[in-house]
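# Residue-level structural notes
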Amino acid sequence: MPEIDIMKNLILLTLLISTAFGSLAQNQPTGNAPSTSVKKGNAKVIGAVIDAETNQPVEFANIALIDPTTNKPVDGTVCDDQGKFAMAKVVAGTYTVSISFIGYETQTIENVTIPDKKEELSLGIIKLATSAKLLNEVVVEGQKQLIEEKVDRTVYNAENDQTTKGGDATDVLKRVPMLSVDLDGNVSMRGNQNVRVLINNKPSTIAASSIADALKQIPADQIKSVEVITSPSAKYDAEGSAGIINIITKKNTLEGATLNIDMGAGLRGSNLGLNGSYRKGKMGFSLGGFGRAMYNVNGEYYNKQTIGSTETIQEAKTRSNNIFGRYNLGWDYDINKNNFIAASVRYGIRNGSNYQDNVITTDNNPNSNDGLRNSKTVDNSGTVDVSLDYTHTFEKPQQEFSISTLYSRNNRNNNFLNTIYTNQSVDSLLKNLNESFNQEITIQADYQTPIKNTMLIEFGGKEIMRRVSSDYKYFVADGENQPFIPLSGSRATNVFNYDQNVTAGYFSYTYNSQKSYSFKAGARYEYTVIDANFQNTGETVAKIPSYGVLVPSVNVSKKLKNGNTVKLAYNRRIQRPSIQFLNPNIQASNPLNISQGNPNLDPEFTNNYELGYSTFVKGTSLNFSAFVRNTTGSIQSVRTNLNDSTIFTTYQNIGVENAYGLSAFSNVNIGNKLSLNGGVDVYYAMLDNKLTDPLLAATNEGWVASGRMFGSYNLSKGWGLQFFGFYRGRQVQLQGTQGGFGTYSLGVKKDFANKKGSFGFGAENFFTTSMKIKNNLETPTIDQYSVNTLHNLSFRVNVSFRLGKMSFDSAPKRRKKSVSNDDLKDGGGDGGGGQADATPTQQRPGGGGFAPGQGNAAKPAPAGAVASKVVSADSTAVADATGVWNYTVESPQGGSGVLTITKEGDKLIGKIKNNQFNRENDLTVIALNGNELSFSYEVSFGGNAMVVQVNAIVNGDDLSGNMAVGTFGTYPIQAKRTK
């Protein structure tokens, strides 16, 4: 029974993970407790802070409880990411409440009386007005971690990776935890290619037709981050059995104009990119283009197959040339404080040609002749995506309604030409033309509203109208200069039409307890109607019945001390076949191995179970997870023999595919120079088509492993070094295996012109001249062994420069809604899912502040803050940074505390204390180069983490420089040594 299977899988999952982090969970540090000298009362003060103009929450605003007789704070806290706050155990009395945050005017509430009894006092909704002045140019010295673990996703900050310069999205995804990418660009998540790729939270028909094509059209230089969502909530489409990959490209909400120029040239590829943006007042525009050419991509192909008593060997030289391009135009406009619209147009192209030269075919049949042919395959495509989105916010924080629309179309030509020789002269030609398109029109509506302080409900509806068509024709010619004659018959010439409508509705409920538990449950119902036919013959595909599916999801998490998190998730997913699996056009560019899609495929269904644990230990972040994946009706390639020399490949819904696996990832900072991170994925795959016929029955199982390592080293005077290595292990398939492969790269970069420009040099696979991938196929009637050799040694030079300047504008911050069709099996955010999808606030008691720059809220906030420039460093100077320093931060909220630096051998260690919250943080990286002191540390708030970076000059007993507070800005810091 399904319930028994679910229980068995949950038990197995618990056993898998228990050994991975059982001891860690029992031995976590207790953190810094609040000062015991502070007097405690019985009352509780709560409230919420919102933007007066937009009615959006003001995240992490400072709340200070001030004694009016001394004008000094006696208690305080910060708002969570929903703008809500709570101060517990407040002493009775009359106070002034001060509310402040960067870029806002400080708000004060006088004569707030706290009763001397255990009750809750609500200050209601407090509105903050934006400051009249804007921040001047901000210099951000800190850097995000390359990999960030969040409650519902893993985030890879690609903008910090210079080794992908001049590459495309496939180069980026190779570095992302839980993902692997083969040499054709097909993406797997934990070994499963049934993933859904979104671009800025939106789908694209090119990704539905071919994920590999979509990724090659996105320049790596324009990718800000990649989100891996393994347990999507009910808000997301039910498709993508492995999960969702959301690629976030670089964009800004600043005011002014910029133009970025990127170019590069290398042994096997070149690129050129131009990206500009302009924003003034309520309106913003962006315009960009990127082109990439790939050449000198060559190799060899060897194939040996035995069918019955016939052994056939085929060898060839291979080469390919490809041109990719992507162009985009974006526009957004703030109608008023509650209404916002955004529109975009994107166009992507691919022109690819792949060659097999001097294809020689021999066999052990004495009566047959050796064959010689040349083969050329052309794969050209163009994709347009047009979107228009509207969002309306209400006076009530987090209450929101949105409508999103999308038109997307991919036109593709996938053709081949075979030239067949006899005695070195052209004997005949065979040509296949296949013009196809995939078109989607989508409209969706979403609504969300909070209930009380701890609950949020979300519901919405969606309609996807999809039309797919493939027009294919075969032609033959008797000689080189003879006319092509079309072949007759529905298998050689026809038009295949496949229409699919999906109507969906969802409901999601989120609850956050006051004990750091989060619970999110939801359900999504989708109803699918399909109509398929062959246009030329009027032949109807075997009737595909309409079907409905209910897709539940449950996510539970527990925040432990110091930001550690344990989470448990379950979801059910559906995977519909895309055009590449359905297309009945016969691909016969290689007569020994031909393939054809199956229009009668059913969807596959998957149950996913996941248990994860993340922690942060002395500058090292660690993430462990275990998963169980059970798929019925899995869509797999199935191979049979047509005759003694030809293997025929099609696709079928096999019986069962199961996977049981573990993942581990780590990010380590060693000093302020070296950063390392990496991880491994290991799972056991089991496939069984459940057939009893001994000639057709197939099962296979085995271990699959992959791993990656990334590192960066900061050199002096603007120089930096980064390296990357990746290995994807052998893949287990229903009837055989696909061999593993590895790749590595090294990049050197030099910044100039105040970091407005840079040039760099990169090398890939420089220790080897080629890469070999070995594949095996075994069935009762077929034995095949093949080797693909790729010469991928490469060198490249990159240059980039930025013109123009942006400054912060006063445009309100809004959450942009967009269409997200997570629904086709292919070759393969606000990506959310999990329990962090706009979840309501979990109230936290005061005393947990997050950065020195968010300190003394009683200090009047200036209208704006100017980031001071650090005095020129002198690497030859002799300075001493050890001692106890009293510091102040010139942020709008003020800030003060104590910095303590000591020396252990040759190593500097230290702590930094925030006076307001009486909380210390260990410095994770600290270095002194001449008179230049730099250090950083991580602070946690609400289960999230943020890095604070300080760069300063030591001048005797004085210290001055800049403090970069995460993404909030950079502010002057001054310190005086007291001992």
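Residues numbered from 1 in each chain as written. Predicted model: local features only at pLDDT ≥ 70, side-chain atom pairs only at ≥ 80, totals over all residues. Heavy atoms only, no water.

## Some points on the overall build of the protein
Rule in force here: Elements are defined by DSSP. Helices are runs of H or I of four residues or more, strands are runs of E of two residues or more, and each kind is numbered from the N terminus. Categorising residues by exposure relies on relative accessible area from a 1.4 Å probe, with only protein chains included: less than 20% of the type maximum marks a residue as buried, more than 50% marks it as exposed, and the intermediate range marks it as partly exposed. Only the protein chains shown count as cover for residues, and all accessible areas are computed by the Shrake-Rupley method using a 1.4 Å probe.
For the protein, the count of helices and strands is five helices and 54 strands. Counting only residues that meet the buried cut, the protein has 53% of its 979 residues in that class. For the protein, the exposed surface amounts to about 40500 Å²; the carbon and sulfur share of it is 55%.

## Observations concerning the pattern of salt bridges
Where we set the bar: Throughout this description, the term salt bridge denotes a Lys or Arg side-chain nitrogen within 4 Å of a carboxyl oxygen of Asp or Glu.
Summed over all chains, the structure comprises 19 salt bridges. Linking Lys749 and Asp751 is a salt bridge whose minimum nitrogen-to-oxygen distance equals 3.5 Å. Classification of Lys749 as partly exposed rests on a relative accessible area of 22%. Put simply, Asp957 and Arg977 hold a salt bridge, and the shortest N to O gap is 2.9 Å. Placement of Asp957 in the loop between β52 (944-955) and β53 (958-965) and of Arg977 in strand β54 (residues 969-977) is noted, with a sequence separation of 20 residues between them. Under the relative-accessibility criterion, Asp957 is labelled partly exposed at 40%. The buried category is assigned to Arg977, whose relative accessible area is 15%. Salt bridges sharing common partners tie together Arg350, Asp379 and Arg412.

## Some details on the sheet that holds strand β7 (residues 120-128)
Test applied: Pairing between two strands requires that DSSP report at least two bridges joining them. Helix axes are fitted only over the stretch in contact, all axes being lines through C-alpha atoms; the angle between N-to-C directions runs from 0 to 180 degrees.
The strand order across the open sheet formed by three strands is β4-β1-β7, and the pairing between neighbours is mixed. Sheet topology places β4 (84-90) and β7 at the edges, where each strand pairs with a single neighbour. Averaged over all adjacent pairs, the angle separating strand axes in this sheet is 15 degrees, with direction ignored. Relative to β4, strand β1 (residues 43-51) runs antiparallel, the two sharing five bridges. Looking across to β4, one finds that Ile46 is bridged to Ala86.

## Brief notes about the confidence of the model for the protein
As a reminder, the rule being used: pLDDT expresses, on a scale from 0 to 100, how confident the predictor is about each individual residue. Only heavy atoms enter the contact rule, under which two residues are in contact if any of them lie within 4.5 Å.
Confidence in the prediction for the protein averages 78 pLDDT; 77% of positions are at 70 or higher. Low pLDDT (under 50) marks residues 132-144, which in the prediction has 33 contacts with non-local residues, meaning those over four places away or in another chain.

## So, unusual backbone geometry
Located in the positive-phi region is Lys89, a residue other than glycine, with phi close to 55 degrees. Topologically, Lys89 is positioned in strand β4. One non-glycine residue, Asn111, adopts positive backbone phi at about 55 degrees. Mapped onto the elements of the fold, Asn111 is located in strand β6 (residues 107-114).

## With respect to the pairing of strand β29 (residues 587-590)
Note: β29 against strand β30 (residues 593-595), two bridges, orientation antiparallel. Bridge pairing links Asn590 to Asn593 in β30. Once β29 ends, the chain turns through two residues before running back antiparallel as β30.

## Structural notes on the environment of Ile125
Relative to the assigned elements, Ile125 resides in strand β7. Taking the C-alpha atoms as reference points, Ile125 and Val49, 76 residues apart in sequence, are found 5.8 Å from one another. With residues near it in sequence (within four places) discarded, Ile125 still touches Ala48, Ile50 and Pro397.

## Details of the environment of Asn246
Along the chain, Asn246 turns up in strand β14 (residues 243-249). Linking Asn246 and Arg196, residues 50 residues apart in sequence, is a C-alpha distance of 8.3 Å.

## As for the sheet that holds strand β33 (residues 635-641)
Across a sheet, strands are paired by hydrogen bonds formed along the backbone, either parallel or antiparallel in direction. Across the sheet, which stays open at both edges, the four strands sit in the order β29-β30-β34-β33 with mixed pairing between neighbours. The strands lining the two open edges of the sheet, one partner per strand, are β29 and β33. Ignoring which end each strand starts from, the neighbouring axes of this sheet average 30 degrees apart.

## Things to note about the pairing of strand β5 (residues 93-100)
Where burial is concerned, most of β5 is hidden: six out of the eight residues are buried. Relative to β5, strand β2 (residues 62-67) is paired through five bridges, and the arrangement is antiparallel. Considered in β5, the bridge of Ala64 is made with Ser98. As judged from the six bridges shared by β5 and β6, these two strands associate in the antiparallel manner. Across the sheet, the residue bridging to Ile99 is Gln107, located in β6.

## Details of the side chain of Arg524
Spelled out, the test is: Whenever a nitrogen or oxygen atom comes within 3.5 Å of another N or O atom, the pair is scored as a polar contact, on the condition that within protein one atom can donate a hydrogen and the other can accept it, and that pairs from neighbouring residues in sequence are kept only if both atoms are in side chains.
Relative to the helices and strands, Arg524 resides in strand β26 (residues 517-534). A distance of 2.8 Å separates polar atoms of two side chains, one belonging to Arg524 and the other to Glu526.

## Considerations on the side chain of Asn418
For Asn418, the location among the structural elements is in strand β21 (residues 400-422). Here the side chain of Asn418 touches Ser375 through a polar contact of 2.9 Å, side chain to side chain. Setting aside residues no more than four positions away along its own chain, Asn418 makes contact with Arg373, Asn374, Ser375, Ser428, Leu429, Leu430, Ala588 and Ser589.

## Comments concerning the environment of Val638
When you line up the elements, Val638 lands in strand β33. Not counting the four nearest positions on each side in its chain, Val638 is found in contact with Phe648, Thr649, Thr650, Gln652, Leu734 and Gln735.

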